[in-house]
Every structure is written in structure tokens, then in C-alpha cells.
4 protein chains.
Amino acid sequence: MSNLGDHQLGIYLSGMFDGKTPDITTDLAALEDRAREVLSPQAMGYIVPSAGHGETARANRAAFDRWRIVPRMLRGVAAQRDHSTTVLGTTMPAPVLIAPVGVQTLAHPDGELATARAAAAVGVPYIHSTAAAHTFEQVAEANGDGQRWYQLYWPTDQDVCLSFLRRARAAGFTTLVLTLDTTLLGWRPADLDRGFLPFLHDVGLANYLSDPAFQEKAGGSPTMHWAQMFPHPGLSWDDLPFLRDHWDGPIVLKGIVSVEDARLAVRHGMDGIVVSNHGGRQVDGAVAALDALGPIAEAVGSDLTVLFDSGVRTGADVVKALALGARAVLLGRPFLYGLALGGQQGVEHVLRCLLGELDITVALSGHSSCGELSRASLQAQ
Amino acid sequence: MSNLGDHQLGIYLSGMFDGKTPDITTDLAALEDRAREVLSPQAMGYIVPSAGHGETARANRAAFDRWRIVPRMLRGVAAQRDHSTTVLGTTMPAPVLIAPVGVQTLAHPDGELATARAAAAVGVPYIHSTAAAHTFEQVAEANGDGQRWYQLYWPTDQDVCLSFLRRARAAGFTTLVLTLDTTLLGWRPADLDRGFLPFLHDVGLANYLSDPAFQEKAGGSPTMHWAQMFPHPGLSWDDLPFLRDHWDGPIVLKGIVSVEDARLAVRHGMDGIVVSNHGGRQVDGAVAALDALGPIAEAVGSDLTVLFDSGVRTGADVVKALALGARAVLLGRPFLYGLALGGQQGVEHVLRCLLGELDITVALSGHSSCGELSRASLQAQ
Amino acid sequence: MSNLGDHQLGIYLSGMFDGKTPDITTDLAALEDRAREVLSPQAMGYIVPSAGHGETARANRAAFDRWRIVPRMLRGVAAQRDHSTTVLGTTMPAPVLIAPVGVQTLAHPDGELATARAAAAVGVPYIHSTAAAHTFEQVAEANGDGQRWYQLYWPTDQDVCLSFLRRARAAGFTTLVLTLDTTLLGWRPADLDRGFLPFLHDVGLANYLSDPAFQEKAGGSPTMHWAQMFPHPGLSWDDLPFLRDHWDGPIVLKGIVSVEDARLAVRHGMDGIVVSNHGGRQVDGAVAALDALGPIAEAVGSDLTVLFDSGVRTGADVVKALALGARAVLLGRPFLYGLALGGQQGVEHVLRCLLGELDITVALSGHSSCGELSRASLQAQ
Amino acid sequence: MSNLGDHQLGIYLSGMFDGKTPDITTDLAALEDRAREVLSPQAMGYIVPSAGHGETARANRAAFDRWRIVPRMLRGVAAQRDHSTTVLGTTMPAPVLIAPVGVQTLAHPDGELATARAAAAVGVPYIHSTAAAHTFEQVAEANGDGQRWYQLYWPTDQDVCLSFLRRARAAGFTTLVLTLDTTLLGWRPADLDRGFLPFLHDVGLANYLSDPAFQEKAGGSPTMHWAQMFPHPGLSWDDLPFLRDHWDGPIVLKGIVSVEDARLAVRHGMDGIVVSNHGGRQVDGAVAALDALGPIAEAVGSDLTVLFDSGVRTGADVVKALALGARAVLLGRPFLYGLALGGQQGVEHVLRCLLGELDITVALSGHSSCGELSRASLQAQ
């Protein structure tokens, strides 16, 4: 079996042969409801809700509904579809990456290790969050021969920043993803109402606590030191050359939702951007990420690599984002729900289902690879 | 009583005389909820849900709400309305056909036989699915003098394909409906979560298992042979002449939702098309079928016969599809719900109610026949 | 107290003095839910639901939400507002009439008698339905000095038609309202599912059964004779001169929802029209009545009297209909819910609340009378 | 800690150190649901519902959803944001004021005193309602060094009006806010159904009962005298010079929702206006206040001070109103819910959370102060 979509038949056959149905739903948009049943209140509070009253997260989903796929018929689609692609030098079986998500141990004890292993098993690139509950080095070992990128929350302490970059490079992370939209933490009532911020409980500080530069500065109160060096609202375009000086791989800016900022990214020589509003976790009432994608891709899609993140739940969602101009898509909460529901296997399940649904949807839409998708594949509602 | 709408008075009178109310609701859009109460989980899973998270099925319904009928008054509507029509040589009391639906035994033990009998009793043409749970020959016998068409899932095995065409013709099926949108099975979580695909359990393979050409190839593992010959993503416009060579009746392409493909159908000399997204069962997030109908009918409605399918529930829905340019409408799930709720009688109930509501709605809109409906009968919301 | 809005203070004071709160809600849009608690299933089935799946009734309500009132400030509104007006020679305290509704005994044993008495008490004109459960003569006596119009379902039997006109005139009904949209009964699942049509049970036939012309024709089976003479789809513009010949008061056509038909009404010399879709009880999926009102009033509002009906629940709704060009508004279901909840007093309660809310809304919008309302009072959503 | 947003870290740290979570939710849009659990039925009826069927209140909220914030990245936001501003001579830490709300003792026994104290503690200006349950003098004492304005319901008795103005001035209220949209009380079913109007029970009459001019006129029936002097529909632009003659501070007109009235306010030399529909409590079906804001600010925003009120729940809402042209925003129901849930501390909680969320949202949007917000910060949905 070599089509990603063959996973579908595999599920049917496994149900047929062992009389058991899959443990986790294949309805990827329903994963959240399933995960609610197993997550602890604190984990739920941190993972599922968004900033404020959740308007941005709802807007993210609603934006997908305003675009409809227009399948074309009788186009002689290849019996063997090939969705594999290379993004900024990284190969992948289809244009999908694991989004950077912190403190994954909230979802499952194995946390990022399980995710990194699943990513490697399926061939999907893994992006390591600065706020991970496991260190660069641990995750790299779990990820093995997998492809991995590193997401940076740029601390105000440059020594720590430089140390992070050095360790990431040494551990085989090839592309740097700088998150722009979280120079301060968003207003997140679910966490606030529980008075729970993982980092204040030493959770999600693995990269920091294991860092010599951080240890030197933090003294006996690492949590407080983190709280002082994390906020970085002053970050500006003028800081980017520093990154370029200390990172020899591609650099991608994550969190852009305006054409103006996308153009500035081009002007500042960035390799890529991720159109994203952090899954609605930062600014309540913000523009839907998918609404931002089309105009941005049109304006700069030929000048740098445009990736997409925020609101993707299903294979159909991936199709829409690609058709609107994304070069590849980052998958966030769904894999985390898979992690919560089944550890490494759960993540693999979600990835294989997503890729399977993606392959089938692309083929049924009349294409032999994701690369054939274009704005003409969609119709505005 | 000779108006289709007289069925209404019949219901009232029957309630009056025997003190009993109808067994099945006359609110056709509410049939699904009733059917949920009687269908087995597996049947429910296969029949009711759609691809992915059901966005296409919801879009199908929402599209109907965006068109509103504008009834005209005092137009001297005929006391005896006549909605009878001839479509590709097939006569019918109103422009409504039974859509091809497979494995109807999931809904009721009598399956396609009950449906074919009901269709004949009401005079509505029956379209036989390749995936039926009864054979061409059994259905033809049940359908008797009724009008019947044959829907083809084109297998990759040409011998089986030819055998199917021969048997259909021999059994009195007059028009060939080639389904384009199901060269692979859509991603259907309700089935996947149960690990249940009827065909892997020898259900819905009646036409195959009874076929000499298939038997010859399949050997001892018919299910696996089906799984190998069913997927046919490579199907292309270039294959159509083969069909024409081996079928001497009209040929209709089912599953078209773009003006471009409709134009290609004209260019390839097809007799008709069915604007349809398979009731939302194939591509999640796809364009609503009704949204596709208007532009397609406008572009090619005079060059071939444009039929409509996907989302029709009520007589008002039929009116809207006809007014937007459909020559006739295929009715799917509603008759299946009727089948589930009452076998042959249930299907007849649904058909008579639909035709009754259709007649009354057309008459109240100021017309003496469906043929008078036009774009002017509607207003966009 | 002479402002209609003073009813508000009256309610507060009555609650203050007797410690009791009103028996029926003053939230007029919530009356339906209250009525559901007291109506019998059969009455509920006939009164509350609409044709088909209720799409037209929902569209009627949604249309109101798309228009927003723009209150103007500091306009020196009169301390004593005067909303009284004269419509086709009939005076009323505000441009509101009781819509013709049949078989009101389903809602309350006193039926039309209670409604006619309440109408007279409040000064609101009462429109008598041909399908009433009380006769012209009984209602006229109950209505006393009140203003009353007569609504005609034109039977195919001209003798009965003429007898109805004569009796109505003799009983003091001044204006004739010819209903156009119910030449056949709509498809009403709630009734069909119960096999209940009032008229087949001799309910709602009071005018017929008491009629000499009808008695002569009906013989021993009045119900069947009604069923034969009620359907009148052949009614056309050419029939209107007959009405004019036999009715010497104003004639109003009820059920018009297109500009074309409104223009035809002008051309045929009608005195008025009621823009209405029969509260959604006839054609499911039809255009919202309020959506039809604006264009119609603009096209013909100066050539004949444009009334409005369908979907009005609150004083704000009346304001919107008047601002869109209606000369006056017919109130249907709300008064019937009042009747169900409290007989004559219930109807009075609903009327006084509606007029009170209307007065207050008009005054707060910056006007001293309903007559000052115009398209400029509204903003499209 | 000197950023308003530092309140966020304070909540996390307090939860960390004392193991207790905040008593009241930080999800400001969810406060209403919490308040429902503690408010008496009468208080609920007066505070939460709106006029009629609540359409205006819903429209107010829906209008916010149609505008989306477009955060900008890498703009070097100040580590210390400064949202402080001066409006009509009144300083405040951010452009937010406490809206005038009457009878606050319904929410909490301490009523306006708690609110005035909380306002002073946080530095937010307090606007005193004529319908308060505590007098000018009591509130001024509670408010101490705080900033305070006075909202006038202009009674028809000029002596009382003049006495109110004198007392307000003497008690340190600096700006006069004249409410235009409540010359009559709106139709409020929740109150009417309970037959409860606070003022008829001597609640909300503190300013009146303590007034020498009022006492002189009222004799032994103050409630009835209030009922006679409160309605003032005749108020007009010509009355404004009288106010100017008797008030030497700025004058603001509250309740304007049309560009025409905003222009008239300019022409009549007003210092400011509050775009507001009284939180939907006066005219049901009225235009959403936020829909009115943009056009008004564009038309007159440079000619007088444009404030905004109606529907604000969260920091994101404040951002949207400011970006659409409001100079500052009035906060109503949310602080009242805080009052109900926790007295003075509850009000402080709501204010600090709102300002905190506001600061964080502004900073994450790429700005160092609210003053940088503009129409370019938003995108229409």
C-alpha cells in the first residue's frame, strides 16, 4: 500500500479481521470532544480554550466554511498519488508539519517524546517548541532520523537566546521558526480562573532549566527569571539580523496575519512566514487566519515560503489552505488530542487519518498531488 | 382523484374515517430523525452521515435556504395540473426519479426490491445502483413495467464492466448513469469508526457476485477482488467512447459540480448530466450542489439534459431545483428513510407525499405544471 | 390616561397595588411558548406550525432582523401621541387590525366572539374569516359598534359566494378582503400527521352551515360539499369584476408577495392589497413577506392601500413594517395566543401591549405618530 | 508592576502562592451567566434583560463580531505601555469610564457606594446616574479624590433639574451627561411581567427624595410625583441652551445613533456625545450601537468628543470601539455583574481584568498605547 489514502482500507480491513473498531475517532473535527473526556481540568484549560471569549478560535473555523472545494471529474487521476514535497530543504510525505506546541506532558506523560516519535514514524516534520516539557536533546533522540525544526520564543536575555540556538542546531533542528505573536501571553480566562500557568509550576521550562546560560542567570528562582525574560514586546524588525547572524539555516516568521507584515518579511530577507493567529490563543476578536492567508499568499507567495496554521482540523481544511496559497500546513490541536487519547499511537492515528483524508480528498477533487491545487479548486461561499 | 396533490385530502379523509393517523410523518424534512429511531447503528452509520465532518451535507441544505419561492396569484391555475414529463425517453408523472442508492437492505430486508416495486406503483423511474444488494434481474422483475435506469460504478476490470452493461440492457434498464465522483470511496468517519464497509462483508455486491465475468476473475475471494477493481481514479474523458460503443441508450454523467465539467460533457456528446455531490458523501467541504446547479444549467441547459441530486428533501426543494434549471430531480435519502420506516409502503408514502407537496406548491405558486417554473419563480435571499 | 403607551405604567401600578403580576407575558414574541402549554395537541397542530418544514415562517421572522430602527433624539415628541388613522374608511387607534383567522374555537371555546369583543373594546378593526367557527351574524353582534371587515375564501359555488357577500354586508362588514394565496390548502405536516383538518369535522364551517345557499347544495354531506367547493386554483384576475359588481365597499387582495402582482392589482382597480404569505402556512420555502413589502410599497404605495401581514409579533415589528411602506399591519398568531391564554381578556391584553409597545417605540424613535415613520427610520443590517 | 496587563501575572502568582483561584471569572463575557446565579429574580429582571424581545442587545453583540482586529508584528512595542488619557479634562488610566447605571442596590446592598469606591481605587471615572440608589453627596464622599461625572435624566420640573445640577456641581461632578434616549421608559417585559419598577417602590429615587426642590413639590406622594416629572418626550434641541446656562463644565449628549443627530450635536455646540442605544434597554429592534459608531466618528469625530457605550464586554471590544473612532468607552453591565458577585472588590476585579486584557490586546496588536489604534487596526468580516 503506497497511497496515503490506503489507510482507509486498512482501517476497514482491521475492523473486519479483528472485529475491533479504532480506539480513536476518524472524524478529526470531533477529536476535541473526545479529548475533553480524558484530559484533566488543568490540561483542558491550557490546551483547548483560546484567548478571551474564544471569538478568534470560532472565527478560524468559520473562515473554512466560507470556502468550498470544487471537485473536477474524469481527470485521469494517478493510481499512485504523490504528495511528497520539500519545504525549505525539508522533505515530507505531504505538505503537513507538526505545529510547535508547548508543555505536551499536560496531554500525556510522554509529551513531546511521543509526538516526536510519531512524527518520525509517519515522516512528518516535527517543530519543537521553546516551551516544551522535554529538552532539545531528549526530543532529538526520540525523533531520530526524523525531520525537525525549532520554534523560538525570543527571550530578552540574549545569552539564553544564543544558547537555545546553539543547542537546537547541535540537536539537528534545521529550520528556525520565530514566533512573533506571543511577546506577551494572551488573556486566557480558562487558565486565569484556575490561577494556573504551567511555567510558574516548572512545567514547560525543560529547555530553560537544562540550559547553562539560563541556570547561570536564574539562580535559585528559575520561574521568576523566566517570567522576567519571557515578555519581549519590544521585539522589532531591527532585531532580525541578529538571528541571521547566529542561525545558518532557514528562518521563518510565525504569526503574521497582514499583507503589510508579510511584505516586511520579504523586505527583511526572511525565508518563510507562517500565517497564523496562534490558534486564537493570543488576541481575542482577531482576524481569522484563513481570511488572512489568501491576500498574503497572493501578495508575497512567490517571494518567500508561505505556511499556514490555525484552525486546521481535517484533510479538507488542508486542501483549502493549500488552494489559497499555503506551501504547507501546520497541524496543532488535533495531534495534541491524539496524544491525549493515545500517546504516540494516538498522534500517529491522527496523522495517518489526516494524510489519508487529504489524499482521498485531493484525488476525488481531480488531482494527483497536492501541488496541483490552486485558487481555481475553490469557490467562495 | 387525479391531481398528485389530492393525496393530501386522502390523508385527511383516511384519518377521518379510520381514526388512525399516518404511520410515517408527512414532514419530509423530518424523516431522518424518525429513521434514526429504527435503523441499526451500522445502517445509520452507512446511510445517514456524510463524508468527513458533514460540512458538504450541511452546505447542500443551506443552499436551498438561500433561494425563496415567489408565488404568483390569480393566474387561473388548472384544476387538473399535469406535471408529467419525458426525460431521455422515460416518462414520469412529475420530474422526479429515485436516485441510485446501494445496499438498501441495510435500511430494510426487502431492500431494492421494495423500492423498485414502490417506484413502479407510483410511476417514478427507479435507478439501480451497481452497489445494490439485489441483482439487475431481481430488481427488474420487482420493477415490472416500471421505468428503470442503471447507474454504473465503472470497475477497472473491463470484462466485468461489459458484463454489467449487457445484463442491465437485457433486464430493461434504458438509460446509463455513470457516477464520476466516486472513483475512490470518500472518507466517512461513521463507517470507519465502526470499521464497517458493507462491501467487505459481501453486502452490496449482489450485481458482482451474480456476474459470470466477476466470478471468473474473483476466484475464492470476491471481496478482495472487488476492493481491487472498484477504485478507478484514472477514469478520464477519453474513456467515454468505450461506453458509447457498448451502450445504445442515453448516457448521463453523475457528479458534476463545475461549469467547466458540464461544458466538457457537452463536448463529449453526453446526453445528460446529474449535478450532484453525492449527497455530501464524497468530498467534505465541497461546494453545495444547488449552488452549482444554476450556473451549470445556464451554461449548458440547452445542450444536454441537466438533472439534479443532493439535498432534496421536500416538494419545495424540488420546485427550487427545477426553477434553477434542472430538468428533473433525483430523490435519495428521503425514500431510503421511507424504506427503513415502512418497506415498500414507506417508499410509496414518501413518493406520494413528495409529489403531493410538489403539486400543491407548484399550483399555489401560480403554475399548472412544473414545466412553467423558471428562474423568475425564485428570489435570492 | 390617553397615550397607548400609558398601558405600561398601568401594568406597573397594578402590580404595585394588588401585588399580582400580569397573567400573560408582556413579551409578545414569547407568547407562542406560553400558548404551547395550554393548547391541545390538535389546536397546536393547526395554529402554530406552518407549511412544510416551517422555512417560510422562519424566513418571515428573520426578515425583521435584517432591518434596524434608527431612533432620532431631541425632536420634541408630543406628550400626547396620536396614532389614530383611517384606512379605507375605517378608523382605528393605531394602524393595526386583527387578521382573519379561522376556527378560533380551537384556541378557546369563545373563539371569534371573544376576539370580536376584544377588538371592539380596544377599538381595533376585526377581520372575519370565511373559515370562522362563528357566523357573520354572531360575530357582528359580539363586535357591536366595532369596525369589521370580511375575508373571503372564494368558493367555486357562486351562489354561496354571493350569499356570503350579502350576509357580510348585512351584518355590517365594510371592507372585503379576498384571500388569493389559499386556493388550495398548503401542505401542513402537523395537521396531516394527525389526520386532522378542522373542516372535515364540521369545525370552521359556521358560515357555510348557516348559509341557505350552501344548505341547499350540500344536502346531507356538508363536509364533502365544502371539500368540493373550497379548492379554487382557477381563480384569476378576470374574476375580479364579479366581486366589484356584488360588493359596494372597498376590496382588498390578500396574499401578494411580488411587485408584478401588486401592479396588476392597481391595474385591476383594487382598493388595497395585503402583502402576506399567510404566515408561512401555504408555500414552504417562500419569500419572506417583509422582504416583499419594501419593493411593493415603493412600486405601488401611492396607487392603492398597502397593508402588511405575516410575522408581526411586537411593536417594533409594526414600526418596521410601517416604515417600509405599509399603511397598516394585520396581527395574526399573537392575538390567537392571547385568546388561548385568556379568552377575550387575553386578546385585549395582547392588543393593549402591542399598541403600548408601539406607542413607546415610535415616541422613543423621535416621532409623535406612526404616520411620521418612513424608510429613513430604518437601516438595513 | 506598572502595566495594566501585569494584573494577569498577579492573578497567576496569587493562585500559585495561596492555592486559591479568583472568586469571579476573568472571562468578562461570561460574567452575566455567573451573575444570574446570585441575583434575585427582581434584580435579574431589571438588570440583565433589555427592551422587548432583546433584539437590540443581541444586535449590539453581533456587531462586534463583524469587526476583526488585525494584529501587527515586530513593532517594538514599549515595555511600559501608557494608555492614560484626558477626556474633557478628566484623566484616566485608559479610555474607559464607568457608565451611569441606576438603582445599583439591586445588584448589591452597597450599590453605587461600592462602585464609586472601586472606580476611585482603579482610577476609572465614575458617572453618577440620576436614578441612583445613593445621593450625589454620598457617592461623592465614597468616590473621594476620584474623577466623577453626572448623568442627567432631565425632569419636566425645571426647579428639580436646576437643583440636581447645583448639587452635582457642589459634590464635585465635573462633566454633565444628558441622556436623550430615555425620555420615556422602554417596553421591558421582564419588569412588566413582574409588575416591578424600582422607582415605584422608592428604590432609585435617592437623588430625588433628598432634594429640597423635589420634596417641596412632591408632598406626600413622591413616587407619583416622580412618575409625572420623569417622562419628557418633548425634550428638544432648543432646550440645550438652558443646560449650558446652568452648567459651567463640559456637556455630553448620551444616546445618539445617527450621523444626523451627531451633526446636530456639533451644531448646537455640545462638547461630546455618547454613541449608545442604552444597552438595548429602550428600543427593541434598534440599530446596533457599534454599527452607528464608525459613520458617526468619521462624520464628527474631529468636531467633538465621541464616546461609546452599549455592548462592551471585553478588552477586545474596547479595542474595536476605539479603533472605530471612539475617544473612550463606557462600561455598563459588566461592572454591575462584578458588583453583584463581589461588591466593591467585584467591581475592582472587573475593571482590572478589563484594563489588563485591554493592555495586553493593544500590545499584542502592535501598539504601545490605545491612542495608536485606528480604523487600520480592524478588518470588516
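Caption draft 1: Structural context of the overall build of chain A. Each helix and strand counted, chain A has 16 helices and twelve strands in total. What you see for chain A is a C-alpha radius of gyration of 20 Å, in line with the 21 Å of a compact globule of 381 residues. With the C-alpha coordinates aligned to their principal axes, the bounding extent of chain A is approximately 65 × 50 × 40 Å. Considering chain A as a whole, with its 381 residues, one finds that 68% of them fall into the buried category.

Caption draft 2: Representation of the interface of chain A and chain B within the structure. Contact with chain A, which involves 44 residues of that partner, is made by 47 residues of chain B. Summed over both sides, the interface of chain A with chain B buries roughly 3,700 Å², with 62% coming from carbon and sulfur. When the buried area of chain A at its contact with chain B is split by residue, Y12, M73 and L74 of chain A rank highest and sum to 24% of it. A salt bridge links R72 of chain A to D261 of chain B; its shortest N-O distance comes to 2.9 Å. For the pair chain A and chain B, the interface holds 18 residue pairs in polar contact (both at pLDDT 80 or more). Residue classes in the side of chain A that touches chain B are distributed as 23 nonpolar, twelve polar and nine charged.

Caption draft 3: Fine view of the environment of L165 of chain D. Position of L165 of chain D among the secondary structure elements: in helix α7 (residues 158-170). The sequence separation of L165 of chain D and L243 of chain D amounts to 78 residues, and the corresponding C-alpha distance is 8.9 Å.

Caption draft 4: Region of the structure containing helix α5 (residues 111-122) of chain C. Residues and elements named next belong to chain C. Spanning twelve residues, α5 covers 17 Å between terminal C-alpha atoms, matching the ideal 16 Å at 1.5 Å per step. Of the residues making up α5, those classed as buried are G111, E112, L113, A114, T115, A116, A118, A119 and V122. Backbone geometry just after α5 places G123 at a positive phi near 90 degrees.

Caption draft 5: How the structure looks around the packing of aromatic side chains. Residue and element names in this part refer to chain A. Taken as a whole, this structure holds 48 aromatic pairs over all chains when the rule is applied. Both rings, one in Y46 and one in F199, keep their centres 6.4 Å apart while their planes meet at 80 degrees; by these two values the pair is edge-to-face. Here the residue Y46 occupies a position in helix α3 (residues 41-47), and F199 occupies one in the loop between α8 (189-194) and α9 (206-209), the gap between them amounting to 153 residues. Take Y46 and F199: they sit in the same class, and that class is buried.

Caption draft 6: Examining the relation of the copies chain C and chain D more closely. Structural alignment of chain C on chain D gives an RMSD of 0.0 Å, achieved by rotating through 90 degrees and translating 0.0 Å along the axis. Both copies of the chain, as the preceding transformation shows, are related through a four-fold rotation axis. When C-alpha distances to the rotation axis are compared across chain C, the minimum falls at Q381 of chain C, with a value of 9.5 Å.

Caption draft 7: A look at the interface of chain C and chain D. On the chain D side, the residues contacting the 44 residues of chain C number 47 residues. One can count one salt bridge joining chain C with chain D. Connecting chain C to chain D are 18 residue pairs in polar contact (both at pLDDT 80 or more). Per-element tally for the side of chain C that touches chain D: the top contributor is helix α1 (residues 6-18) of chain C, with eight residues. Within the side of chain C that touches chain D, the residues separate by chemical class into 23 nonpolar, twelve polar and nine charged.

Caption draft 8: Region of the structure containing the side chain of D211 of chain B. Its location among the elements puts D211 of chain B in the loop between α9 (206-209) and α10 (212-218). Each residue touching D211 of chain B, except ones within four places of it in the same chain, is listed here: S163, F164 and R167 of chain B.

Caption draft 9: View of the packing of helix α15 (residues 315-323) of chain B against helix α16 (residues 333-364) of chain B. Residues and elements named next belong to chain B. At a minimum axis separation of 7 Å, α15 and α16 run at an interaxial angle of 60 degrees. Classed by the angle they form, the pair α15 and α16 counts as oblique. The element α15 and its partner α16 pack so that their crossing is right-handed. Between α15, through G315, A316, V318 and V319, and α16, the contact on the second element is made entirely by L354, E357, L358, T361 and V362. For the contact of α15 with α16, the residue count by class is six nonpolar, two polar and one charged.

Caption draft 10: Molecular detail of the environment of T183 of chain B. Tracing the backbone shows T183 of chain B in the loop between β7 (176-179) and α8 (189-194). C-alpha separation for the pair T183 of chain B and P241 of chain B, spaced 58 residues apart in sequence, amounts to 18 Å. For T183 of chain B, the contacting residues outside a window of four places in its chain are L364 of chain A together with F230, P231, H232, P233 and L235 of chain B.

Caption draft 11: Structural view of the packing of α5 of chain C against helix α16 (residues 333-364) of chain C. Residue and element names in this part refer to chain C. Here α5 crosses α16 at 20 degrees, and the two axes come no closer than 10 Å. Between α5 and α16, the angle falls in the class roughly parallel. Note that α5 runs across α16; the crossing there is right-handed. Facing G111, A114, T115, R117, A118, A119, A121 and V122 of α5, the residues of α16 in contact are F335, L339, G343, Q344, V347, E348, L351, R352 and L355. By residue class, the composition of the contact of α5 with α16 is ten nonpolar, four polar and three charged.

Caption draft 12: Representation of the pairing of strand β8 (residues 251-256) of chain D. Residue and element names in this part refer to chain D. Burial within β8 is extensive, with six of its six residues counted as buried. With four bridges connecting them, strand β7 (residues 176-179) and β8 associate as parallel partners. The residue bridging V177 from the neighbouring strand is V252, located in β8. In this structure, β8 lies alongside strand β9 (residues 272-275), joined through four bridges in parallel fashion. Residue pairing across strands places K254 opposite V274, the latter belonging to β9.

Rules used in this analysis
Residues numbered from 1 in each chain as written. Chains lettered and ligands numbered in written order. Predicted model: local features only at pLDDT ≥ 70, side-chain atom pairs only at ≥ 80, totals over all residues. Heavy atoms only, no water. Helix = DSSP H or I, 4+ residues; strand = E, 2+ residues; numbered from the N terminus. Rg over C-alpha atoms; globule rule 2.2 N^0.38 Å. Buried < 20%, exposed > 50% of the residue type's maximum accessible area, 1.4 Å probe, protein only. Contact = heavy atoms within 4.5 Å. Buried area = accessible area lost by both parts, 1.4 Å probe. Salt bridge = Lys/Arg side-chain N within 4 Å of Asp/Glu carboxyl O. Polar contact = N/O pair within 3.5 Å; in protein donor to acceptor, adjacent residues only side chain to side chain. Nonpolar A, V, L, I, M, F, W, Y, C, P; charged D, E, K, R; others polar. Expected span 1.5 Å × (residues − 1). Phe/Tyr/Trp six-rings, centres within 6.5 Å; stacked < 30°, edge-to-face > 60°. Least-squares fit on C-alpha atoms with pLDDT ≥ 70 in both. Axes fitted to C-alpha atoms, helices over the stretch in contact; angles between N-to-C directions. Parallel < 35°, antiparallel > 145°, perpendicular 65-115°, else oblique. Left-handed = near helix turned anticlockwise from the far one by under 90°. Pairing = 2+ DSSP bridges.

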